[in-house]
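Next come the chains, spelled out residue by residue.
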Amino acid sequence: MNPMSILSTVITVLFLGFLYWRMVKREIPEPVGRLQALLPIALGLLSHPLTVPFSSAYLKALAANPNTLLLTELNFFQSFWRALIVAGGLEEISKLIMILLALFIFRKKVKNVYEYVLIGACVGLGFSLIEEFTYGGTETANIITTMGRMIGVPAHMTFNMVMAEFLGRAKFNKLNGKGTVVLNYVLALLVPIVIHTLFDTCTVFNSSMMRGELSGIIRALIGYVALLIYELIVLVRFKKKTATLCGMSTLVEEAV
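So, a few notes on the structure that sits alongside this text. Note that the structure is predicted; figures quoted are calculated from it, not measured.

**Quick word on the packing of aromatic side chains**
In this structure the tally under the stated criterion is 4 aromatic pairs. Ring centres of Phe159 and Tyr230 lie 5.8 Å apart, and the angle between their planes is 40°; this geometry places the pair in the tilted category. Highlighted residues: Phe159 in helix 7 (residues 155–176) and Tyr230 in helix 10 (residues 214–240), separated in sequence by 71 residues. Each member of the pair, Phe159 as well as Tyr230, is classed as buried. Over the ring of Phe127 we find Lys95; its NZ or CZ atom is 5.1 Å from the centre of that ring. The cationic tip of Arg107 hangs over the ring face of Phe104; the distance from NZ or CZ to the ring centre is 4.2 Å.

The following block contains the structure:
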């Protein structure tokens with residue numbers, strides 16, 4: 001077993017576990033139950049292998065070796081399309097399915113929009129654990145690439161916090177007969193897919209960077225800096241809006 005894989009997974013568990021634990025403790029008036037807080041992690045773990053048959057089929061259709069494929073010269077739009085199909089679109093849809101499954105399982109217990117966000121964070125956490133264990137142990141992994149991946153550790157968690165907030169707001173608006181419903185459902189999928197795909201276009205599917213070209217390295221640095229800013233904004237925003245989101249009930253009997 002690759003030591004870098006172990007390192008990536010341990011850092012992910014400790015860092016994301018701490019962030020999630022703090023989020024759970026902040027809920028008003030009291031935290032969610034243990035089962036509701038932890039089961040979505042298992043669903044997040046399952047969401048990663050759910051994507052494998054589809055991504056493998058796509059690569060097979062291209063008749064390409066995944067490692068060779070990354071070195072193929074692609075312009076920005078070609079990289080974006082490939083990132084959308086193999087990663088951004090596929091992974092976010094897979095996690096959306098698991099979030100919806102968690103919401104169905106706890107349909108009588110999820111009380112407010114903040115608990116939607118917790119479920120999204122939890123599913124993203126589970127997905128991240130599998131991804132770091134898988135890609136942290138690749139042959140090309142070293143201390144530099146591992147540290148680069150560490151910047152993206154909260155990425156899936158924040159993608160799905162945003163996704164789940166839109167889902168929660170859609171439910172809140174529907175129950176209260178005000179605000180947009182359909183638009184929130186659309187944004188729940190569209191926003192995470194676009195941000196995820198743009199990041200992967202600048203990094204994972206950046207063929208210029210893989211070949212060591214300066215333009216590709218600069219694009220990757222822009223991607224990592226932009227992602228870091230995005231993650232900080234999302235985490236700080238949800239911390240500040242905890243009380244507001246906890247006050248947005250998604251229970252039918254409490255709807256205004």
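We are not done yet, so read on.
**Points about the environment of Leu221**
Summarising the element assignment, Leu221 is placed in helix 10. By relative accessible area, Leu221 is classed as exposed at 53%. When the C-alpha atoms of Leu221 and Met209 are compared, they prove to be 10.0 Å apart, with 12 residues separating the residues in sequence.

**With respect to unusual backbone geometry**
Put simply, Ile28 and Pro29 share a cis peptide bond, and its omega is 5°. Its location among the elements puts Pro29 in the loop between helix 1 (3–26) and helix 2 (34–61).

**Looking at the side chain of Glu115**
For Glu115, the position within the fold is in helix 5 (residues 113–135). Look at Glu115 and you get buried, because its relative accessible area is 0%. Setting aside chain neighbours within four positions, we find Glu115 in contact with Glu27, Val32, Gln36, Lys109 and Val110.

**What to know about the nonpolar core**
Tyr20, Met23, Met157 and Met161 are the most contacted members of the largest nonpolar core, which totals 48 residues. Listed by contribution, the elements that provide at least two residues to this core are helix 1, helix 2, helix 4 (76–105), helix 5, helix 7, helix 8 (182–202), helix 10 and helix 11 (242–246). The dominant element in this core, judged by the number of residues it contributes, is helix 5, at 11 residues. Setting aside chain neighbours within four positions, we find Met23 in contact with Tyr114, Val117, Leu118, Ala121, Met157 and Met161. Grouped together as the second largest cluster of nonpolar side chains are 6 residues, Tyr58, Leu59, Ala83 and Val86 included.

Analysis parameters
- Residues numbered from 1 in each chain as written.
- Predicted model: local features only at pLDDT ≥ 70, side-chain atom pairs only at ≥ 80, totals over all residues.
- Heavy atoms only, no water.
- Phe/Tyr/Trp six-rings, centres within 6.5 Å; stacked < 30°, edge-to-face > 60°.
- Helix = DSSP H or I, 4+ residues; strand = E, 2+ residues; numbered from the N terminus.
- Buried < 20%, exposed > 50% of the residue type's maximum accessible area, 1.4 Å probe, protein only.
- Lys NZ or Arg CZ within 6 Å of the ring centre and 35° of its normal.
- Contact = heavy atoms within 4.5 Å.
- Core = buried A, V, L, I, M, F, W, Y, C linked by side-chain atoms within 4.5 Å.

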